[in-house]
Amino acid sequence: MLRQNYPYLNDIDFLKKFDNALHKTQKIKIVILDFNEKPIEEIQGRVTGGSINLNGDSAVRRTCNISMVADNYSANLTNINNLLAINKKISIELGFKNTFLQYTEFDYLWFPMGVYVVFNPSCTNSKDGLNISFQGKDKMCLLNGENGGNLPFEVDF
């Protein structure tokens, strides 16, 4: 299953214990979404850099800049039919290796970080594997003209 409900997200005592843990192994999960935001495919990998920013003063409240090495994904990002391409919607989840005695059915504890529209995707192969990097903005960029473009003069359709 690509999208799940995670019961540990509602367990306050467990989240406090998780937050106080000193050593955490991190992964990232990118879920590619269709137009209706139904999951198509997921890409998991190791985070190599980037950030996720939240800004309540901006119309586009969430932005991200992610670099990762994919575990089992190979694709040509210049292919127009590629799943991870410009203007695609994705859901991002950060995962941490579950080293606790609770919720042992989860190898990784996943935390949803939101839905984004992909900008500037790039893909390179290296000895470590397939390196994927992209920028993302929350769905507000579809409404405020940042992603849709604009017409410089009056046009009749």
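Predicted model, so just to flag it, every value in this text is computed and none were measured.

So, on to the overall build of the protein. When its secondary structure is counted, the protein shows one helix and six strands. Of the regular secondary structure in the protein, the N- to C-terminal order runs α-β-β-β-β-β-β. Out of the 157 residues belonging to the protein, those deemed buried represent 34%. Of the contacts formed within the protein by residues at least 6 apart in sequence, a portion of 60% connects residues at least 24 apart. Accessible surface, the protein as shown: approximately 9,900 Å² in total, 49% of it carbon and sulfur.

In this section: unusual backbone geometry. Unusually for a residue other than glycine, E37 sits at a positive phi of about 65°. Looking at where E37 falls in the secondary structure, it is placed in the loop between β1 (26-33) and β2 (39-54). With a phi angle near 55°, Y103 is a residue other than glycine that sits in the positive phi range.

Applying the stated criterion to the full structure yields 13 aromatic pairs. Measuring from ring centre to ring centre gives 5.2 Å for Y8 and F106, while their planes differ by 85°; the resulting arrangement is edge-to-face. Here the residue Y8 occupies a position in the segment before α1 (12-20), and F106 occupies one in the loop between β4 (89-97) and β5 (108-126), the gap between them amounting to 98 residues. You'll find Y8 and F106 in the same group, each marked buried.

So, how was this worked out
- Residues numbered from 1 in each chain as written.
- Predicted model: local features only at pLDDT ≥ 70, side-chain atom pairs only at ≥ 80, totals over all residues.
- Heavy atoms only, no water.
- Helix = DSSP H or I, 4+ residues; strand = E, 2+ residues; numbered from the N terminus.
- Buried < 20%, exposed > 50% of the residue type's maximum accessible area, 1.4 Å probe, protein only.
- Contact = heavy atoms within 4.5 Å.
- Areas by Shrake-Rupley, 256 points an atom, 1.4 Å probe, with all protein chains shown as cover.
- Phe/Tyr/Trp six-rings, centres within 6.5 Å; stacked < 30°, edge-to-face > 60°.

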